[in-house]
Amino acid sequence: MKQQHHILLDASHLAGNGRVGRYVLVPGTRSRSAAIAEHFEDVAVVDNPRGHTAHLGVVRLGGAKVDVMAISTGMGTASTEIILHELLEVGARRLVRVGSCGAMDPNIRAGDVVVVTGAVRDEMASRHIAPTEFPAVSHPAAVAAMVDGAHAAGHSDNAFVGICHTKASLYAREFHHGPMANANQAYCNLLAECGAVSSDMEAAMLFIQASARSALQTRPLSAGNIAVPVQAACVLGVYGDDDSDMDLDPVLCRLADKRAIETTLHGLVAWAKRDGVA
């Protein structure tokens, strides 16, 4: 598979873990990607002009060894679509978003973590891949692995599982700025009443791309988890709630990042064990 235009990666960069390839962590920001890579061993860096630096390495936890990569997607589903497409083109099969979110449930507070099971597709980019009626969901095995990761990392008291609202607009949609403030607030309130627990800007695109890449390749349970072509997970650190208007506590934001990263790394080990490669 040829080198991809934006990320400057080819199939050799995704090689590892036998048939599965590297487990790829896709945070939104370059700084979080670098912070994740601080937990890797044997790190190699691949730069590109657009700033989506890839950190290749190994995670060793609990006697397990997993080949990994961290690379940022940028903000929003449009940028995320490009990075994910190119990663999938060169062989990515297991991807996990490690991001941030706002809480939509009063039981979830800044500093907590959400393991996302599915996403409301309140954005336009994924509609060019699948119709709006098609659900954006994480694979059950990926969700279970990240839940195991939260327990293994010691964060189960601050970890939650549920639906995420993926939006295209931060200030207008989530924080209700502008002439449609009342309508946007009513919409977000409705989602919360339906059961959405958090709000981000990328999860839906990740889940839709993973589903599309696995289409028409369904295998029986007896084939094992490794038979699923592409799986995606999402772990979000909670920075604030829908009323925060980006007035955030940096201490709690750092705590949320720490918990999300640790949950994900332990979750990757659990995921790799399900795939039979750790």
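Here the structure is a predicted model, which means the values were calculated and not measured.

Caption draft 1: Looking closely at the packing of aromatic side chains. In this structure the tally under the stated criterion is two aromatic pairs. Between tyrosine 171 and phenylalanine 175, the ring centres sit 6.0 Å apart and the planes meet at 55°, which makes this aromatic pair tilted. Sitting over the face of the ring of tyrosine 187, arginine 173 holds its NZ or CZ atom 3.8 Å from the ring centroid.

Caption draft 2: Main features of the pairing of strand E4 (residues 64-71). By the criterion of burial, E4 is predominantly enclosed, with seven of the eight residues buried. In this sheet, E4 lies alongside strand E3 (residues 54-61) in antiparallel orientation, the contact comprising eight bridges. From the neighbouring strand, leucine 56 faces E4, where its bridge partner is methionine 69. Linkage of E3 to E4, two consecutive antiparallel strands, is achieved through a turn of two residues, within which glycine 62 is found at a positive phi near 55°.

Caption draft 3: Focus on the nonpolar core. Formed by 40 residues in total, the largest nonpolar core has its most connected members in Leu9, Val24, Met69, Ile71, Leu87, Leu95 and Phe207. Among the secondary structure elements, those contributing two or more residues to this core are E3, E4, helix H3 (76-89), strand E5 (94-103), strand E6 (113-122), helix H7 (203-213) and strand E10 (231-241). Counting residues per element, this core draws most heavily on H7, at seven residues. Ignoring any residue separated from it by four or fewer positions in sequence, one finds leucine 95 in contact with Val24, Leu84, Leu87, Leu88, Leu206, Val230, Gln231, Ala232, Ala233 and Trp271. Val20, Leu25, Val98 and Leu265 belong to the second largest nonpolar core, which has 30 residues in total.

Parameters and conventions
- Residues numbered from 1 in each chain as written.
- Predicted model: local features only at pLDDT ≥ 70, side-chain atom pairs only at ≥ 80, totals over all residues.
- Heavy atoms only, no water.
- Phe/Tyr/Trp six-rings, centres within 6.5 Å; stacked < 30°, edge-to-face > 60°.
- Lys NZ or Arg CZ within 6 Å of the ring centre and 35° of its normal.
- Buried < 20%, exposed > 50% of the residue type's maximum accessible area, 1.4 Å probe, protein only.
- Helix = DSSP H or I, 4+ residues; strand = E, 2+ residues; numbered from the N terminus.
- Pairing = 2+ DSSP bridges.
- Core = buried A, V, L, I, M, F, W, Y, C linked by side-chain atoms within 4.5 Å.
- Contact = heavy atoms within 4.5 Å.

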